[in-house]
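Analysis of the macromolecular model
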Amino acid sequence: MKTDNIAKEAFSIEKLEWKGMLYDFYGELLTEHQKKIYENAVFDDLSLSEIAEEQGISRQGVHDILKRCDKILAEYEKKLHLVEKFAKIKQMAQEINTLTDDKKIKKLSDEIIEEL
């Protein structure tokens, strides 16, 4: 039972990380209202009830907006692949870093990773 909870928690963290990355890349394409609700749910970890009370809408309204935002952000990624490209570049820079002993190359790959 405990391993199931650990797996669910790891999946949950991975899912939140994914949502955060999608928001970082495409969040500015949401309306201000959508951004506020999404930030409250994903980054501030507020419940649907807390967000609903703060925004003056129903819990169902919050739920619907969050689902819509997830769909919008996923559609942008499906078309543009920016998060995928970002992750690939970061992984390649990290691989360069582990494959070389040259300090100048390591420094450069570290700078690339930091810039990402």
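Everything quoted here is computed from the prediction, not taken from an experiment. (Residues numbered from 1 in each chain as written. Predicted model: local features only at pLDDT ≥ 70, side-chain atom pairs only at ≥ 80, totals over all residues. Heavy atoms only, no water.)

**Some points on the overall build of the chain**
Our working definition: Under the DSSP-based scheme used, a helix requires at least four consecutive residues in state H or I and a strand at least two consecutive residues in state E, with every element numbered from the N terminus. Residue burial is assigned from relative accessible area. The probe radius is 1.4 Å, only protein chains are included, and a residue is buried under 20% of its type maximum, exposed over 50%, and partly exposed in between. Contacts are assigned to residue pairs with any non-hydrogen atoms lying within 4.5 Å of each other. Only the protein chains shown count as covering a residue, and every accessible area follows the Shrake-Rupley method with a 1.4 Å probe.
Check the secondary structure of the chain and you find six helices and zero strands. Written out in order from the N terminus, the α and β elements of the chain read α-α-α-α-α-α. With 116 residues in all, the chain has 24% of them scored as buried. The long-range fraction of contacts in the chain, counting pairs at least 24 apart against all pairs at least 6 apart in sequence, stands at 48%. Total accessible area on the chain stands at roughly 8700 Å², and carbon and sulfur atoms take up 55% of it.

**Let's talk about the nonpolar core**
Proteins that are soluble and globular tend to have nonpolar side chains buried together. For the record, the criterion: In these notes, a set of buried Ala, Val, Leu, Ile, Met, Phe, Trp, Tyr and Cys residues joined through side-chain atoms within 4.5 Å is what counts as a nonpolar core.
Counting residues in each nonpolar core, the largest one holds 16 residues, and the members touching the most others are Ile-37, Tyr-38, Val-62, Leu-66 and Leu-73. Of all the secondary structure elements, the ones that give two or more residues to this core are α1 (2-26), α2 (32-42), α3 (48-55) and α4 (59-80). The element contributing the most residues to this core is α4, with five residues. Residues within four places of Leu-73 in sequence aside, it is in contact with Leu-22, Tyr-23, Tyr-26, Gly-27, Leu-30 and Tyr-38.

**Re a nonpolar patch on the surface**
Worth spelling out the cut-off: Patches in this entry comprise residues that are over 30% relatively accessible and not in a salt bridge; like charges within 9 Å are linked, as are nonpolar side chains (Val, Leu, Ile, Met, Phe, Trp, Tyr) within 5 Å. Any Lys or Arg side-chain nitrogen located within 4 Å of an Asp or Glu carboxyl oxygen qualifies as a salt bridge.
Taken together, the side chains of Ile-89, Met-92, Leu-108, Ile-112 and Leu-116 present a nonpolar region at the surface, about 420 Å² in accessible area. Of all elements in the fold, only α5 (82-99) and α6 (103-115) reach the threshold of two or more residues within the nonpolar patch. Mapping Leu-108 onto the fold places it in helix α6.

**Some thoughts on the side chain of Ser-109**
You can see Ser-109 is positioned in helix α6. For Ser-109, a relative accessible area of 2% corresponds to the buried category. Look past the residues within four positions of Ser-109 in its chain and what remains in contact with it is Ala-93, Ile-96 and Asn-97.

Scope: geometric values only; no functional claims are made or implied.
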